[in-house]
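What follows is the residue order along each chain.
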Protein chains: 4
Amino acid sequence: MEQKKIVFDDIINTIGRNIRWIRKSLVKLALLGAGRIGQLHGTNIQNNIPNAEIIVLADPYLSDQAKEWAAGVGIPVVTTDPDQVFANPEVEAVFICSSTPTHADFIKKAAAAGKHVFCEKPIDTDIAKIKDAIAAVEKAGVKLQVGFVRRFDHNHKTVCDVVASGKLGAPNIVKVTSRDPAHQSMDYIKISGGIFMDMTIHDFDMARYLAGSDVTEVMAYGAALSGEGYDKYGDVDNAIVMMKFENGAIGVIDNTRASHYGYDQRTEVQCDKGCVQVSNDLNNQAMISSAEGVEIAKPTWFFLERYNDAFCAEDQAFIDAIIYDTETPVGARDGLAPVEMAIAAAKSLKEGRPVKISEIR
Amino acid sequence: MEQKKIVFDDIINTIGRNIRWIRKSLVKLALLGAGRIGQLHGTNIQNNIPNAEIIVLADPYLSDQAKEWAAGVGIPVVTTDPDQVFANPEVEAVFICSSTPTHADFIKKAAAAGKHVFCEKPIDTDIAKIKDAIAAVEKAGVKLQVGFVRRFDHNHKTVCDVVASGKLGAPNIVKVTSRDPAHQSMDYIKISGGIFMDMTIHDFDMARYLAGSDVTEVMAYGAALSGEGYDKYGDVDNAIVMMKFENGAIGVIDNTRASHYGYDQRTEVQCDKGCVQVSNDLNNQAMISSAEGVEIAKPTWFFLERYNDAFCAEDQAFIDAIIYDTETPVGARDGLAPVEMAIAAAKSLKEGRPVKISEIR
Amino acid sequence: MEQKKIVFDDIINTIGRNIRWIRKSLVKLALLGAGRIGQLHGTNIQNNIPNAEIIVLADPYLSDQAKEWAAGVGIPVVTTDPDQVFANPEVEAVFICSSTPTHADFIKKAAAAGKHVFCEKPIDTDIAKIKDAIAAVEKAGVKLQVGFVRRFDHNHKTVCDVVASGKLGAPNIVKVTSRDPAHQSMDYIKISGGIFMDMTIHDFDMARYLAGSDVTEVMAYGAALSGEGYDKYGDVDNAIVMMKFENGAIGVIDNTRASHYGYDQRTEVQCDKGCVQVSNDLNNQAMISSAEGVEIAKPTWFFLERYNDAFCAEDQAFIDAIIYDTETPVGARDGLAPVEMAIAAAKSLKEGRPVKISEIR
Amino acid sequence: MEQKKIVFDDIINTIGRNIRWIRKSLVKLALLGAGRIGQLHGTNIQNNIPNAEIIVLADPYLSDQAKEWAAGVGIPVVTTDPDQVFANPEVEAVFICSSTPTHADFIKKAAAAGKHVFCEKPIDTDIAKIKDAIAAVEKAGVKLQVGFVRRFDHNHKTVCDVVASGKLGAPNIVKVTSRDPAHQSMDYIKISGGIFMDMTIHDFDMARYLAGSDVTEVMAYGAALSGEGYDKYGDVDNAIVMMKFENGAIGVIDNTRASHYGYDQRTEVQCDKGCVQVSNDLNNQAMISSAEGVEIAKPTWFFLERYNDAFCAEDQAFIDAIIYDTETPVGARDGLAPVEMAIAAAKSLKEGRPVKISEIR
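Keep in mind the model is a prediction, meaning the values are calculated, not measured.

**A closer look at the overall build of chain A**
Looking only at helices and strands, one finds 13 helices and 15 strands in chain A. Its C-alpha radius of gyration of 21 Å places chain A within 12% of the 21 Å reference for a compact globule of 361 residues. Looking at chain A residue by residue over its 361 residues, the buried ones come to 64%. Contacts in chain A between residues at least 24 apart in sequence constitute 71% of all its contacts with a sequence separation of at least 6. In the structure as shown, chain A presents an accessible area of about 12800 Å², 50% of it carried by carbon and sulfur atoms. One finds the centroid of the 38 positive side-chain charges in chain A at a distance of 3 Å from the centroid of its 49 negative side-chain charges.

Rendered as structure tokens:
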């Protein structure tokens, strides 16, 4: 690295990235769904993405809180009719943040209207519907990005970059540890689609992303150990999934519903010549030492604390793909594969045997 | 800690903090100075402080870049005449981000006009001028906050909080390590006021903040070792300063102009019963292991990367003090004391003896 | 913890542990086998175990180096005839460090002669022979300890102790990462019995030790990715094994033959209320930071560097069990179970399906 | 680093280092003083130094415990008359581990008798006596090593080696943090010679060792804050000492008598191009995470736990210097300089001004 004397140049550059003065390339967006994930994307876009702007929000179940929020972040038009979005010629792209069952249909409508699509994960839990939506997108020639946000995290991205650089050789073993901080409500568990579809799906994406290869077979173990009642809904609260990759590597994911100490998100790849791994972001770098012991900070509590910068980077990447007319970094195949893996893992757990992804397709 | 089931409540709360819908309590601000630190505050306020708004920018040397920036972040009025700020009845508070020699005069004008004042550090390098400005603020009954941003950093704040809690007993030894990543230009060094005034001043503030006590004496060692030419301007590139505190504790600061590996910002307090210390924020949590060795990430590069969240928190704290009519967290005494310490340290280095702060007053 | 003023008391106690002055309780031992593991135990016993002494070494293939070594560590009698050991009435216990195929027979002979037995792992690779040897031990009423040395490591023991304390609740997920630093010679791989028998066997022991429970089923994935030729001998160089435990927990082991950066030995247990995990011992605690990056020390190179203190503690534990007539910490069941698991894992890998341990018995 | 296949070669080598079979080069030693530090050296030599042997122990105040200890570690001759040591023609070298006031005289007697000398630190607290003893050693042409054990610690040695390699350029700032775990008894403090002579003296040695340069001036701050009564004996329980080095670097030491969390021993050198620093060895590498917080292990408790390997390496280095007839790694100048620094620091604290080392000589 070259000696950098005039370090303040960086600052102006960084400030520049955070302001909205590149007016000429402003991308006009519509937001579909103003639930929590919709408001998260909406807030980030309005405050932190300088070259994009949400001009309309559509949500059939629009709450008063959501209306107030939309006013606060400066969304000028609010409607309960999603079709107003697709009919609006000013809208160049849509952010689909509505409930999962509506995704595929909204994708098809957006594609038909020639609008680019950012869709929260998963596209659907049904393979056929996903393929249908993808076909519509491909036919229309619009861009599709699926919301696997962890690919934009500074830690996991470093693992991916090191593996992809090849400096450690080919990947041999891919490991993902992923633990949510606290139990979900059983109301959610009833409809979540099970641990592999609602939680591990992010880890399935991570595994493919880090290995740089598709998965051909999975084998899952799981157990309901917490006493919270996951088993009443056919679900588990702890799971381990082994994977075989097309490139010969093998891998494993371990999940726990409630770590109790925070959001535990670690990834690791042992390659031919060495290992790259990431530990958690912590709340701070403090160490408190006394006769009682030595205490350090907990990991950040949950996905908002851990991945908010990644959410912004994800949105920016989608906008950049539109402006520069490049491929989105998380495309159609990336939207489909983790769902196939989730279905295969659930089948494996149920039947007590390894399941090939080809069985699912 | 109680079991948290409905973790998503936090998200809505967090989103709420980031949006601008609390319109009723919007504080109207003026920004004085649109150099890099002015643009930094301005961008943060316009994008991330929901209950404040800059309505006018004044800068006698307004550049085209600054004009474009102001338009980008939505500052409606731009002028080269600072007096327009003080005369504007809508302006409730000013952010003084102009060059140091202008600070004291702007503070007095703002105070005379009944406007609250946020002033970048240092207020001035002359004790009499600082006292004069403080007297004006006190007479007018307006609020004053000085820009010692590190008090709002998640790491140093944890050290302060642990010491202040008393759970480790009283502080015995206070340590601050502070190293900039790269050399300054000699053009800057010529006018910087010397290492103690331009760099250590932040560490003097940290020392007082962490000890919870004023400093009564300093003793400084320093050396120009880099060959960059600091000694041509009577300055040094490495310094160590010992301190005695009113509460009996002792302390030490070590400074280096160019660490070459990033912004090294560590603090530590050994108390009666134990120690609290913070290491650096790193660029990521990766570890790369191979036959060649084990590599981890560097510390964040400089103050913008390390302290940007702290800059936002600092601005928010000032706005909150106005809205809720409370004391600002970094007041007049905090603006004066580090300057006294810097002058005493420079005198100590020159004369080769310990210097009491009372000699400076 | 109580305030300790007279800290030097500890020192005398510690010195006391390291000297051989408790002559009255000296346990007389024989060593069977003077290969590297025999010399390792022999050196540790003669130099670091104060209340034991090797009085005879038997090795049918005694090398000149071994003779010189024996003289050096003060073993007075050396023979090529193992039966001289069993016939010697002074010998109270034997350390079996000969090649694996001789273990079971030596155990039976020692038991018949009324001598306590420390046997290096594995007892045998054949379940029937192990059971036979165990039956002989039980009939004779002598003590048996099997050489699973990692149970005596300061790190893994901490994990076990925390789990066993119950303060984090019951174990949910047990994880073991175990990587040797460098490839084995293919001469060794030919006769090693395969990765699960020669390498994972230690991890199978760890898994049972940390979970505090037996394993009921395993599922193995493996791949020969290094190009070193493991596959020519039906072996793999990377493996992942999932496990189900009797107590409901699930677990996973990952193995790599050659990490290239050192001996990677990490264990982790996620329990009902939290997680306990250990990272590697490093060669030192240094961090070197420059423009090129930040470097820390590698893990210790291999088992001797990492586990030598554990080897001493293991030997001491066996001697203590004799002197105080207590159970050995690693008994017959602990000698059998990991072999069953290794056989089951090999079968799982071969047949591509989960294998219950009950199939093996 | 070359690919290492036959990793077991290392093991035989390592075992070789631990055994006593190099009989031909066995150095015969006498031990003077069987207090705790004498027993520590004696135990290490008898058990872990293969090419040396203590053949006589002399201690005028020989306790029953010491006699029993000597028998245990195999010292054949024990006497209360030190002169028997100097008169014994078989004794090639002496380990002086008696009380400090006896050191200089024993050195002179040993030198006169042509015996090499290992002397525990400090040689004396009086400069003239030290110079006298050194003169005797030089006249006799025997070797002298002074017991500054930390130079043999794996951590500090790494810092020294990196600095000495020059790869980070010249040293700029040298930092030593050194905290004992618990308070000394006031009986000891009465006669200890003060914090700089009894505790900081090791850190003064570290500073010279790490900087690779002598110190020319010190400035000390100190305070008695614990309420334990150090001030009754003119002593302090917290101290900070700044140093100027001949090579232009500056440095600082901070000391606390009672950390309460263990033996805190950190060193750091900022050089022209970067920094090398070491943190503490911990009791283990465990991390325990739960809703209550995240706990890691404490540093090792005190010098025996932290530096026992260094004590062995120190003894081995002295024996090697005899066998190979090379210079000892810690010679006469290293024995004198820290005492000069301690006297200068005490003077500085008393007089409130920087003190040049030249004032002391």
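**Brief notes about the packing of helix α7 (residues 154-165) of chain D against helix α10 (residues 200-211) of chain D**
Residues and elements named next belong to chain D. Contact geometry for α7 and α10: axes closest at 8 Å, N-to-C directions at 35 degrees. Contact residues: α7 offers H156, K157, V159, C160 and V163, while α10 offers M206, Y209 and L210. The residue makeup of the contact of α7 with α10, split by class, is six nonpolar, one polar and one charged.

**Topic: the sheet that holds strand β4 (residues 93-96) of chain B**
All names here are of chain B. With respect to topology, six strands assemble into an open sheet ordered β3-β2-β1-β4-β5-β6, the strand pairing being parallel. A single partner strand is all that each edge strand has here, and the edge strands are β3 (77-79) and β6 (144-146). Averaged over neighbouring strand pairs, the angle between their axes works out to 25 degrees when direction is ignored. Where strand β2 (residues 52-58) lies against β3, three bridges are found, and the strand directions are parallel. Pairing of V56 across the sheet is with V77, part of β3.

**Quick notes on the relation of the copies chain B and chain C**
If you rotate chain B by 180 degrees and push it 0.0 Å along the axis, it lands on chain C with an RMSD of 0.1 Å. The superposition of one copy onto the other is thereby described by a two-fold rotation axis. Relative to the rotation axis, the C-alpha of E295 of chain B is the closest in chain B, positioned 2.3 Å from it. Most of the interface of chain B is mirrored in chain C: 100% of its interface residues are interface residues there too.

**Examining the environment of Q270 of chain D**
Relative to the helices and strands, Q270 of chain D is located in strand β11 (residues 264-271). Along the primary structure Q270 of chain D and V174 of chain D are separated by 96 residues, whereas in three dimensions their C-alpha atoms are 6.6 Å apart. Not counting residues within four places of it along the chain, the set of residues in contact with Q270 of chain D comprises R179, T256, A258, S259 and Y261 of chain B together with P171, N172, I173 and C275 of chain D. Polar contacts involving the side chain of Q270 of chain D include one to the side chain of Y261 of chain B, which spans 3.3 Å.

**What about the interface of chain B and chain C?**
Where the parts come together, the accessible area they lose is often given as the size of the interface. Each partner contributes residues to the interface: chain B has 14 residues there, and chain C has 14 residues. A buried area of about 1000 Å², summed over both sides, lies between chain B and chain C, and 64% of it is on carbon and sulfur atoms. Contact with chain C buries surface across chain B, with V294, I296 and K298 of chain B losing the most and accounting together for 44% of the total. In this structure, the connection of chain B to chain C is made through zero salt bridges. Linking chain B to chain C there are four residue pairs in polar contact (both at pLDDT 80 or more). Only β13 (286-290) and β14 (293-296) of chain B provide two or more residues apiece to the side of chain B that touches chain C. Classifying every residue of the side of chain B that touches chain C gives seven nonpolar, four polar and three charged. Pairing of β14 of chain B with strand β14 (residues 293-296) of chain C involves three bridges; the strand directions are antiparallel. Note that in β14 of chain C the partner of I296 of chain B across the bridge is V294 of chain C.

**So, the pairing of strand β12 (residues 274-278) of chain C**
Regular strands have side chains that alternate between both faces of the sheet. All names here are of chain C. Counting buried positions over the five residues of β12 gives five, a clear majority of the element. In β12, alternate side chains face the same way, and those of G274, V276 and V278 on one face and C275 and Q277 on the other are all buried. Sheet topology note: the strand β11 (residues 264-271)/β12 ladder contains five bridges and is antiparallel. In the sheet register, E268 faces β12, and the bridge partner there is Q277. Hairpin connection from β11 to β12: two residues lie between these consecutive antiparallel strands.

**Some words on the packing of aromatic side chains**
Within a pair of aromatic rings, the relevant descriptors are the distance that separates the centres and the angle that separates the planes. Residues and elements named next belong to chain B. All told, the structure shown has 32 aromatic pairs over all chains when counted by the stated rule. Pairing Y263 with Y307 gives two aromatic rings, centres 5.7 Å apart and planes at 80 degrees, and the pair type is edge-to-face. You can see Y263 sitting in the loop between β10 (250-256) and β11 (264-271) and its partner Y307 sitting in helix α11 (residues 303-323), a full 44 residues away along the chain. Classification of Y263 as buried rests on a relative accessible area of 4%. Owing to a relative accessible area of 1%, Y307 belongs among the buried residues under this scheme.

**Observations regarding the side chain of T267 of chain A**
Residues and elements named next belong to chain A. Summarising the element assignment, T267 is placed in strand β11 (residues 264-271). When its relative accessible area of 3% is taken as the criterion, T267 is described as buried. In terms of polar contacts, T267 uses its side chain to reach the side chain of H156, at 3.1 Å. Those residues in contact with T267 that lie beyond four places of it in its chain are H156, V159, K175, V176, M206, L210, V276, Q277 and V278.

**Section: the pattern of salt bridges**
Under the definition given, this model contains 124 salt bridges over all chains. D161 of chain C is the partner of K157 of chain C in a salt bridge, and the nearest nitrogen-oxygen pair spans 3.0 Å. Separated by four residues within a single helix, K157 of chain C and D161 of chain C lie in helix α7 (residues 154-165), roughly one turn from each other. A residue is classified by how much of its surface remains accessible, and K157 of chain C, at 37% relative accessible area, is partly exposed. Note on D161 of chain C: relative accessible area 39%, which makes it partly exposed. Each member of the salt-bridge network shares a partner with another, and the members are R151, D205, R208, D214, R333, D334, E340 and R361 of chain A.

**A short note on the packing of helix α2 (residues 36-48) of chain D against helix α3 (residues 64-72) of chain D**
What describes two packed helices is the angle between their axes and the distance between those same axes. All names here are of chain D. At a minimum axis distance of 11 Å, the contact between α2 and α3 shows a crossing angle of 10 degrees. Between α2 and α3, the angle falls in the class roughly parallel. Facing G38, Q39, G42 and T43 of α2, the residues of α3 in contact are Q65, A66 and W69. The residue inventory of the contact of α2 with α3, partitioned by class, reads two nonpolar, five polar and no charged.

**A short note on the sheet that holds strand β1 (residues 27-32) of chain D**
All names here are of chain D. Read from one edge to the other, the open sheet built from six strands follows the order β3-β2-β1-β4-β5-β6, with strand pairing classed as parallel. Only two strands of the sheet have a single partner each, and these edge strands are β3 (77-79) and β6 (144-146). Between one strand and the next, the sheet's axes are offset by a mean angle of 25 degrees, whatever the strand orientation.

**Some words on helix α2 (residues 36-48) of chain A**
All names here are of chain A. Taking 1.5 Å per residue as the helical rise, α2 with its 13 residues ought to reach 18 Å, and the 17 Å between its terminal C-alpha atoms agrees with that figure. Among the 13 residues that make up α2, ten are buried, leaving the element largely enclosed by the rest of the structure. What α2 keeps buried is the set G38, Q39, L40, H41, G42, T43, N44, I45, Q46 and N47.

**Thoughts on unusual backbone geometry**
Residue and element names in this part refer to chain A. Of note, the amide linkage connecting K121 to P122 takes the cis form, showing an omega dihedral of -15 degrees. Unlike most non-glycine residues, H260 shows phi in positive territory, near 80 degrees. Turning to its location among the elements, H260 is positioned in the loop between β10 (250-256) and β11.

**Describing helix α6 (residues 127-140) of chain D**
Residue and element names in this part refer to chain D. For α6, which comprises 14 residues, the first-to-last C-alpha distance of 20 Å matches the rise-based estimate of 20 Å (1.5 Å per residue) to within 8%. Among all positions of α6, only I127, I130, A133, I134, A136 and V137 are buried. If you follow the buried residues of α6, they end up packed against α5 (100-112), β6 and α12 (332-351). N-cap assignment for α6: the residue whose side-chain oxygen lies 3.0 Å from the backbone N of A128 is D126.

**Digging into the environment of D83 of chain C**
In this fold, D83 of chain C is placed in helix α4 (residues 83-87). The partly exposed category is assigned to D83 of chain C, whose relative accessible area is 39%.

**A few points about the confidence of the model for chain A**
All names here are of chain A. Residues at a pLDDT of 70 or more form 93% of chain A, whose mean pLDDT is 93. Below pLDDT 50 for its whole length, residues 1-24 participates in 49 contacts with residues either more than four positions away or in separate chains. Predicted as a complex, the structure gets a pTM of 0.94 and an ipTM equal to 0.93.

Definitions and cut-offs
Residues numbered from 1 in each chain as written. Chains lettered and ligands numbered in written order. Predicted model: local features only at pLDDT ≥ 70, side-chain atom pairs only at ≥ 80, totals over all residues. Heavy atoms only, no water. Helix = DSSP H or I, 4+ residues; strand = E, 2+ residues; numbered from the N terminus. Rg over C-alpha atoms; globule rule 2.2 N^0.38 Å. Buried < 20%, exposed > 50% of the residue type's maximum accessible area, 1.4 Å probe, protein only. Contact = heavy atoms within 4.5 Å. Areas by Shrake-Rupley, 256 points an atom, 1.4 Å probe, with all protein chains shown as cover. Lys, Arg positive; Asp, Glu negative; His and termini not counted. Charge placed at Lys NZ, Arg CZ, Asp CG, Glu CD. Axes fitted to C-alpha atoms, helices over the stretch in contact; angles between N-to-C directions. Nonpolar A, V, L, I, M, F, W, Y, C, P; charged D, E, K, R; others polar. Pairing = 2+ DSSP bridges. Least-squares fit on C-alpha atoms with pLDDT ≥ 70 in both. Polar contact = N/O pair within 3.5 Å; in protein donor to acceptor, adjacent residues only side chain to side chain. Buried area = accessible area lost by both parts, 1.4 Å probe. Salt bridge = Lys/Arg side-chain N within 4 Å of Asp/Glu carboxyl O. Phe/Tyr/Trp six-rings, centres within 6.5 Å; stacked < 30°, edge-to-face > 60°. Parallel < 35°, antiparallel > 145°, perpendicular 65-115°, else oblique. Expected span 1.5 Å × (residues − 1). pLDDT = per-residue confidence, 0-100.

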